There are 2 protein chains.
Amino acid sequence: MKFDLNAIRNIVGESGVLVGTDASSRQEQIWSSKHVDAQAIVRPRTTQEVSSLLAYCYEHNQPVVVHGGLTGMVYGATTRSCDIALSTERMQSVESVDPINRSMTVQAGVKLQEVQENAAVNGLMFTLDLGARGSCTIGGNISTNAGGNQVIRYGMTRDMILGLEVVLADGTMVTSMNDMIKNNAGYDLKQLFIGTEGTLGIITRAVLRLREQPLSSECAMLAVNKFDHLPAILKTIDQRLGGTLTSFEVMWHDFYSFITEFKDHPPPLPKDFSYYVLIEAKGGNIHHDRENVEGALASVVEAGLAEEVVIAQNQAQRDAFWAIRDAVEKTVIDQPMYVFDVSLKIGSMEAYVDEVKRRLQAKFEPCYVFTFGHLGDGNIHFNIHAGKDPSLKHAVDECVYEPLRKINGSISAEHGIGHEKKEFLSVSRSTTEVQVMRTLKQALDPKGILNPGLIFDP
Amino acid sequence: MKFDLNAIRNIVGESGVLVGTDASSRQEQIWSSKHVDAQAIVRPRTTQEVSSLLAYCYEHNQPVVVHGGLTGMVYGATTRSCDIALSTERMQSVESVDPINRSMTVQAGVKLQEVQENAAVNGLMFTLDLGARGSCTIGGNISTNAGGNQVIRYGMTRDMILGLEVVLADGTMVTSMNDMIKNNAGYDLKQLFIGTEGTLGIITRAVLRLREQPLSSECAMLAVNKFDHLPAILKTIDQRLGGTLTSFEVMWHDFYSFITEFKDHPPPLPKDFSYYVLIEAKGGNIHHDRENVEGALASVVEAGLAEEVVIAQNQAQRDAFWAIRDAVEKTVIDQPMYVFDVSLKIGSMEAYVDEVKRRLQAKFEPCYVFTFGHLGDGNIHFNIHAGKDPSLKHAVDECVYEPLRKINGSISAEHGIGHEKKEFLSVSRSTTEVQVMRTLKQALDPKGILNPGLIFDP
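Quick notes on the rules
Residues numbered from 1 in each chain as written. Chains lettered and ligands numbered in written order. Predicted model: local features only at pLDDT ≥ 70, side-chain atom pairs only at ≥ 80, totals over all residues. Heavy atoms only, no water. Contact = heavy atoms within 4.5 Å. Buried area = accessible area lost by both parts, 1.4 Å probe. Salt bridge = Lys/Arg side-chain N within 4 Å of Asp/Glu carboxyl O. Polar contact = N/O pair within 3.5 Å; in protein donor to acceptor, adjacent residues only side chain to side chain. Helix = DSSP H or I, 4+ residues; strand = E, 2+ residues; numbered from the N terminus. Nonpolar A, V, L, I, M, F, W, Y, C, P; charged D, E, K, R; others polar. Domains from an automatic or database assignment. Buried < 20%, exposed > 50% of the residue type's maximum accessible area, 1.4 Å probe, protein only. Least-squares fit on C-alpha atoms with pLDDT ≥ 70 in both. Axes fitted to C-alpha atoms, helices over the stretch in contact; angles between N-to-C directions. Parallel < 35°, antiparallel > 145°, perpendicular 65-115°, else oblique. Left-handed = near helix turned anticlockwise from the far one by under 90°. Pairing = 2+ DSSP bridges. Arc of directions from axis to C-beta.

Across the contact, 93 residues belong to chain A and 93 residues belong to chain B. When the two sides are added together, the surface that chain A and chain B hide from each other amounts to roughly 7000 Å², 54% of it contributed by carbon and sulfur. Counting across the interface, chain A meets chain B through 14 salt bridges. Between Arg158(B) and Asp188(A) there is a salt bridge, and its shortest N-O distance comes to 3.8 Å. Linking chain A to chain B there are 40 residue pairs in polar contact (both at pLDDT 80 or more). Counting residues per element, the side of chain A that touches chain B draws most heavily on helix α15 (residues 431–444) of chain A, at nine residues. For the side of chain A that touches chain B, the residue count by class is 31 nonpolar, 40 polar and 22 charged.

Attention now moves to the domain arrangement of chain A. It is common to report an interface's size as the accessible area lost on association of the parts. Residue and element names in this part refer to chain A. Domain boundaries in chain A define domain 1 (5–87), domain 2 (95–212), domain 3 (216–328) and domain 4 (332–436). Using only C-alpha atoms to locate each centre, domain 1 and domain 4 end up separated by 31 Å. For domain 1, the biggest contributors to the area lost against domain 4 are Met73, Val74 and Tyr75; these three give 89% of the whole. At the surface where domain 1 touches domain 4, the tally comes to zero salt bridges. At the surface where domain 1 touches domain 4, the tally comes to two residue pairs in polar contact (both at pLDDT 80 or more).

With that settled, the discussion passes to the environment of Cys57(B). All names here are of chain B. Along the polypeptide, Cys57 turns up in helix α3 (residues 47–59). Residue classification places Cys57 among the buried residues on the basis of a relative accessible area of 0%. Beyond its immediate sequence surroundings of up to four residues, Cys57 is in contact with Phe3, Gln62, Val64, Ile84 and Ile449.

What follows covers the relation of the copies chain A and chain B. For the match of chain A to chain B, the screw axis carries a shift of 0.0 Å, the RMSD comes to 0.0 Å, and the turn is 180°. Taken together, these values place the two copies in the relation of a two-fold axis. Rotation axis and chain A: the residue whose C-alpha lies nearest the axis is Gly243(A), separated from it by 2.5 Å. Of the residues that chain A buries at the interface, 100% are likewise interface residues in chain B, meaning the two copies contact each other through the same surface.

Look at helix α10 (residues 286–302) of chain A against helix α10 (residues 286–302) of chain B: their axes get within 11 Å of each other, and the N-to-C directions meet at 165°. Regarding the angle of α10(A) to α10(B), the classification is roughly antiparallel. Remark: the crossing between α10(A) and α10(B) carries left-handed chirality. Two secondary-structure elements touch here, α10(A) through His288(A), Glu291(A) and Asn292(A) and α10(B) through His288(B), Glu291(B) and Asn292(B). Here the contact of α10(A) with α10(B) is composed, by residue class, of no nonpolar, four polar and two charged.

Let us now look at the pattern of salt bridges. Pairs can form between side chains of opposite charge once their charged atoms are near each other. Using the criterion set out here, one finds 70 salt bridges over all chains in the structure. As a salt-bridge pair, Lys345(B) and Asp98(A) come within 3.3 Å of each other at their nearest N and O atoms. Linking Lys345(B) in the loop between β16 (338–343) and α12 (349–363) with Asp98(A) in strand β5 (residues 94–98), this pair reaches from one chain into another. What makes Lys345(B) partly exposed here is its relative accessible area of 23%. For the salt bridge of Lys406(B) with Glu355(B), the shortest nitrogen-to-oxygen distance reads 3.2 Å. With Lys406(B) in the loop between α13 (393–405) and α14 (425–428) and Glu355(B) in helix α12, this pair connects stretches of sequence that are 51 residues apart.

A few words now on the pairing of strand β10 (residues 202–209) of chain B. Residue and element names in this part refer to chain B. Among the eight residues that make up β10, seven are buried, leaving the element largely enclosed by the rest of the structure. For strand β6 (residues 103–107) and β10, the ladder comprises five bridges, and the chain directions are antiparallel. Residue pairing across strands places Gln107 opposite Arg205, the latter belonging to β10. Pairing analysis gives six bridges linking strand β8 (residues 161–167) to β10, with the strands arranged antiparallel.

Looking now at helix α4 (residues 112–121) of chain B. Residues and elements named next belong to chain B. Taken as a whole, α4 has its buried residues at Leu112, Val115, Gln116 and Ala119. The arc that holds the buried residues of α4, viewed along the axis, is 100°, so those residues lie on one side. Each element contacted by the buried residues of α4 is listed here: β6, β7 (124–125), α5 (138–144) and β10. Just beyond α4, the residue with positive phi is Gly123, at close to 70°.

Residue and element names in this part refer to chain A. The five strands are arranged β5-β6-β10-β8-β9 in an open sheet whose pairing can be described as antiparallel. At either margin of the open sheet sits one strand with a lone partner, and together these are β5 and β9 (173–176). For this sheet, the mean angle separating the axes of adjacent strands, direction not counted, is 10°. Of the strand pairs in this sheet, strand β8 (residues 161–167) and β9 are connected by four bridges, and their pairing is antiparallel. Note that in β9 the partner of Val167 across the bridge is Met173.

So this is what it looks like as structure tokens:
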């Protein structure tokens with residue numbers, strides 16, 4: 001049997017299939033100029049269409065790569081000319097919001113920002129938040145188990161998903177649209193699909209957990225000179241803010257001093273400290289919450305843990321603080337720039353960052369390293385320039401990843417593995433662990449047609 | 001090859017194997033007088049011993065049933081005379097506590113209360129809490145994804161587990177002792193084993209996430225007359241307490257009025273209301289948190305949502321409020337008593353409870369129904385007396401479970417399925433979902449030697 005695009009047109013309609021320049025004029029990911037190379041981009045509208053499409057592809061051994069918002073950082077949406085791309089761009093229905101149950105039912109192609117806005121108009125909040133909110137899709141967030149700015153309080157995407165609908169490689173529809181906080185009636189199947197980058201099934205719909213909108217929001221920045229003061233500050237603030245802390249971000253001096261050179265990012269604190277902590281707290285009482293933040297910050301200053309502190313007095317100041325943390329694109333001083341996303345125990349962090357910088361500086365000249373991240377979650381990001389020769393990427397990777405091996409760190413805190421990091425998977429996962437992953441892949445996608453080659457090789 | 005207890009003695013030592021009356025004198029579960037019927041109770045001390053034992057059992061097609069604290073509610077530890085019971089009672093080592101990383105590493109047989117105490121002496125908190133804390137083991141909590149009293153804030157056991165070590169049916173050791181909040185380096189394998197009742201692997205060790213000890217604790221009880229005021233109260237309190245709310249328990253009139261007849265449980269509020277809400281909040285500022293609770297309660301009274309309110313003024317009063325909610329054993333007015341654990345959307349709850357009671361009362365005389373539960377989590381418990389004939393159990397089950405079918409409720413919110421509920425699994429899970437569960441079981445335990453027949457039949 002020959003694979004036939006007309007058969008696919010019969011499933012998704014004429015306009016559901018893009019070929020030729022309609023397909024190849026599209027970018028492969030939103031931060032790259034590389035264009036899509038694939039047999040076709042197929043755009044189903046419903047779970048039933050995804051099911052029929054996969055049943056057909058399974059029968060014809062046709063590999064399928066899922067496209068969401070294309071904001072991934074690990075080349076998870078890269079296609080080969082033999083693949084078809086399955087885009088969720090026509091699956092953008094917000095099906096329902098249930099304010100009493102505090103849940104929302106959506107199709108996979110809905111943008112994160114639209115989810116947030118639909119929650120907000122119902123007086124509720126969807127607690128996933130990250131820079132790509134205007135482009136990324138909830139299906140992509142779920143399949144990569146996205147992290148973001150509020151993990152310390154609300155967890156990863158996994159923790160915000162009540163139910164899922166998934167289509168398996170052979171077209172089987174697994175509808176597990178649970179809308180309850182608790183359900184121990186058998187295996188919690190959604191866990192299989194969250195964070196597995198589309199390799200075990202394609203997510204088509206989800207039930208999302210919503211939370212109450214906070215009534216107060218406090219934001220502050222602290223300057224700190226010693227690394228080992230950071231976990232002590234985290235501990236004090238987390239305890240004294242009693243459940244309201246939503247973010248504990250840290251910018252290293254290299255990042256903060258560079259960003260605040262730009263005129264549109266004036267420094268809220270002097271530029272001569274080693275670390276800058278951005279905290280945010282969301283609570284239910286505007287007066288008490290402000291006093292709590294003031295009290296907690298005063299106590300860390302009195303204890304000699306922080307050098308200087310500034311509290312945002314209004315929304316504009318809050319936005320300005322966050323804009324510094326979020327101005328990651330300013331660090332693109334040249335191409336190529338390499339971005340990293342690792343996690344490790346806070347107690348191992350200072351020595352690790354020193355070692356990475358030492359390794360990089362010994363090897364590359366010039367070398368620029370920008371360090372920042374969700375430190376409250378143990379998550380560090382590096383943006384690294386190591387010269388113009390793109391063939392050096394692998395040597396840069398080694399400088400960042402290899403030191404994680406002996407301290408049981410993760411080569412991916414929140415971005416996933418994709419094609420980009422699979423060569424280094426052994427830093428963070430044992431042969432046995434990868435073997436169990438293969439067992440699952442084999443059980444659910446025995447022909448290996450779904451996102452082939454992502455995370456690990458067959 | 002014949003299965004040989006001496007081979008097992010070689011693995012776990014002479015004292016590691018109990019047979020004859022040493023085994024049969026033990027109870028099968030702590031709330032039953034039924035005794036263990038099995039070839040032997042085997043008590044390994046280490047993961048390596050569990051691995052060798054399972055490799056041997058796998059080779060000899062020997063079924064194995066895991067025994068933790070034996071506090072389960074769904075007959076998950078029941079053995080047949082052909083089984084061996086693998087008890088974790090000699091795996092009780094708290095291996096380490098890391099106060100900076102806020103994590104603890106334990107063997108599976110450690111009691112929940114010991115976990116809580118080890119966290120507390122380090123100024124931290126393990127956030128799982130339930131009545132059986134003095135007997136249940138952390139391995140059992142993980143394998144059943146236990147819920148308990150603080151789910152609304154901290155989630156189920158799943159949300160408190162950073163890493164796991166598991167032995168597969170064939171003896172393969174899968175060591176995934178992650179100690180980070182974030183790790184997206186490949187599939188999150190621990191999710192496979194949490195809540196699957198030991199059917200996919202045997203948990204031997206775990207890394208637990210700890211939280212900061214709260215600095216304040218507030219407890220209050222509210223009397224409410226209309227069911228639809230309950231979600232409105234939950235919404236108001238959850239929002240105004242801004243992240244500090246840890247419990248939102250509800251006792252129906254049948255439960256509250258019965259318990260407070262006992263002299264050791266004097267009623268803090270008059271007994272003529274329909275519902276009694278027990279709330280608890282834990283925060284970081286003793287004065288603000290008290291004021292917040294007072295303010296939130298005043299607003300629900302002013303809004304006409306609650307009839308009366310009382311705030312615990314000290315620890316003794318707090319304990320007395322909780323003692324009423326926890327006095328579940330008082331409802332054993334005769335044997336047999338049937339206990340139920342279901343979850344559903346709050347919006348469906350009033351009609352559901354009415355329907356269950358109507359069905360029961362139409363069928364059984366006399367009939368006593370005690371209703372209470374973790375309402376903030378959508379979780380209702382029933383304790384039901386329906387006469388002395390134990391053969392009526394199935395008819396009682398039908399009264400409780402069948403009405404869940406049309407409202408997508410769960411026949412098990414937090415206790416699991418075990419042997420007890422599997423006949424009703426189709427109320428909450430589709431044929432396709434059960435088929436995916438079977439696919440996983442087949443992939444990881446192809447001979448079906450681990451906890452055979454739990455949750456679903458092969």
